[in-house]
Amino acid sequence: FNFYAHLLPVSGRFAYLGLFDAYITIFVFSNGLPVFYKTIRKGLLSGSVSSAIDDIDFLLQYYSSEFPDLELDQIFVASHIKSKLHIQEILQDTISGPFEMMYEKEMVEIKKNNKLSKEHQLLPFYTAALGAAVRR
């Protein structure tokens, strides 16, 4: 989350939704203050997209039941899945409002002459470490 936090607004009511292999996370903020946080650790590795969709739906429904008066204005999605269309297909039955994709390559650049394998060039692989290294 720390890696993406500086891209989030400081006002309004919005959610950060992290959709990654090992976990699915939701943070909800109201005018810059956190009001809700939950993580499901199996993430998109659970074996089926329908299971991940159910997990996302569970998190959003749980938030709605805990805070029925705090409807979301916006959802920001960070994921190793970079296709907004694919994310839209995953989220179509769970969210009705707008969402915005957060892309790592807009924040960090990997030089072309690096010696990393293709698999390790994917920035979501590093976001936890990069977020831990962020200094404010």
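The structure this text deals with has already been given above.
Here the structure is a predicted model, which means the values were calculated and not measured. Note that residues are indexed from 1 along each chain, following the sequence as it is written. Confidence filtering applies because this is a predicted model: local features only for residues at pLDDT of at least 70, side-chain atom pairs given and counted only at 80 or more, and all residues used for totals across whole chains, interfaces and linings. The side-chain figures draw on all heavy atoms in the structure; neither hydrogens nor water molecules are used.

## Focus: the overall build of the chain
Counting its secondary structure elements, the chain contains 4 helices and 5 strands. Secondary structure is summarised from DSSP: a helix means a run of H or I of at least four residues, a strand means a run of E of at least two, and numbering begins at the N terminus for each. The N-to-C order of helical and strand elements in the chain reads α-β-β-β-α-β-α-β-α. Type-normalised accessible area, obtained with a 1.4 Å probe on protein chains alone, sets the label of each residue: buried when under 20%, exposed when over 50%, and partly exposed for intermediate values. Taken over 136 residues, the chain has a buried fraction of 34%. What makes two residues a contact is simply this: any of their non-hydrogen atoms within 4.5 Å. Taking all contacts inside the chain whose residues are at least 6 apart in sequence as the whole, residues at least 24 apart take part in 51%.

## A few points about the nonpolar core
To define a nonpolar core, start from buried Ala, Val, Leu, Ile, Met, Phe, Trp, Tyr and Cys residues and group those joined through side-chain atoms within 4.5 Å. Counting residues in hydrophobic clusters, the biggest one holds 22 residues, and the most contacted among them are Leu17, Ile26, Ile56, Val77, Ile87, Leu91 and Phe99. When residues of this core are traced back to their parent elements, those giving at least two are β1 (13-19), β2 (24-30), β3 (33-40), α2 (49-66), β4 (74-79), α3 (84-91) and β5 (99-102). Apart from residues no more than four positions distant in its own chain, Ile87 is found in contact with Leu19, Val77, Ser79, Ile81, Phe99 and Met101. Listed in part, the 11 residues of the second largest apolar core include Phe14, Tyr16, Phe29 and Ala78.

## Focus: the sheet that holds β1
Between any two strands, at least two bridges found by DSSP are needed for them to pair. Taken in spatial order, the 5 strands line up as β3-β2-β1-β4-β5 in an open sheet, and their pairing is mixed. With one partner strand each, in any of the chains shown, β3 and β5 form the two edges of the open sheet. Strand-to-strand, the axes of this sheet are offset by a mean angle of 20°, without reference to chain direction. Axes here refer to lines fitted to C-alpha atoms; in helices the fit is confined to the stretch in contact. Angles between the N-to-C directions go from 0 to 180 degrees. Contacting β1, β4 and β5, α3 runs over the sheet at an angle of about 135° to β5.

## Thoughts on the packing of aromatic side chains
Put simply, two rings from Phe, Tyr or Trp (the six-membered ring, in Trp's case) pair if the centres are within 6.5 Å, and we call them stacked under 30 degrees between planes, edge-to-face over 60, tilted for the rest. Tallied over the entire structure, the rule returns 17 aromatic pairs. Aromatic pair Tyr4 and Tyr16: ring centres 5.9 Å apart, planes at 40°, arrangement tilted. You can see Tyr4 sitting in helix α1 (residues 2-5) and its partner Tyr16 sitting in strand β1, a full 12 residues away along the chain. Overall, the relative accessible area of 2% leaves Tyr16 in the buried class. With a centroid separation of 5.3 Å and an interplanar angle of 65°, the aromatic rings of Phe36 and Tyr63 are classed as edge-to-face. Taken together, the residues Phe36 in strand β3 and Tyr63 in helix α2 connect sequence positions 27 residues apart. Accessibility expressed as a relative area gives 3% for Tyr63, which makes it buried. Among the aromatic residues, those joined into a ring-pair cluster are Phe1, Phe3, Tyr4, Phe14, Tyr16, Phe20, Tyr23, Phe27, Phe29, Tyr37 and Phe76.

## Side note on α3
By the burial criterion, the buried members of α3 are Ile87, Ile90 and Leu91. Taken end-on, α3 shows its buried residues confined to a sector of 90°, consistent with a single buried face. Each C-beta atom gives one direction from the helix axis, and the arc is the one those directions make.

## Some words on the pairing of β3
Examined bridge by bridge, β2 and β3 share 7 bridges and lie antiparallel to one another. Residue pairing for β3: Ser30 is matched across the bridge by Leu33. Between β2 and the antiparallel strand that follows it, β3, lie 2 residues; Asn31 among them carries a positive phi value of about 50°.

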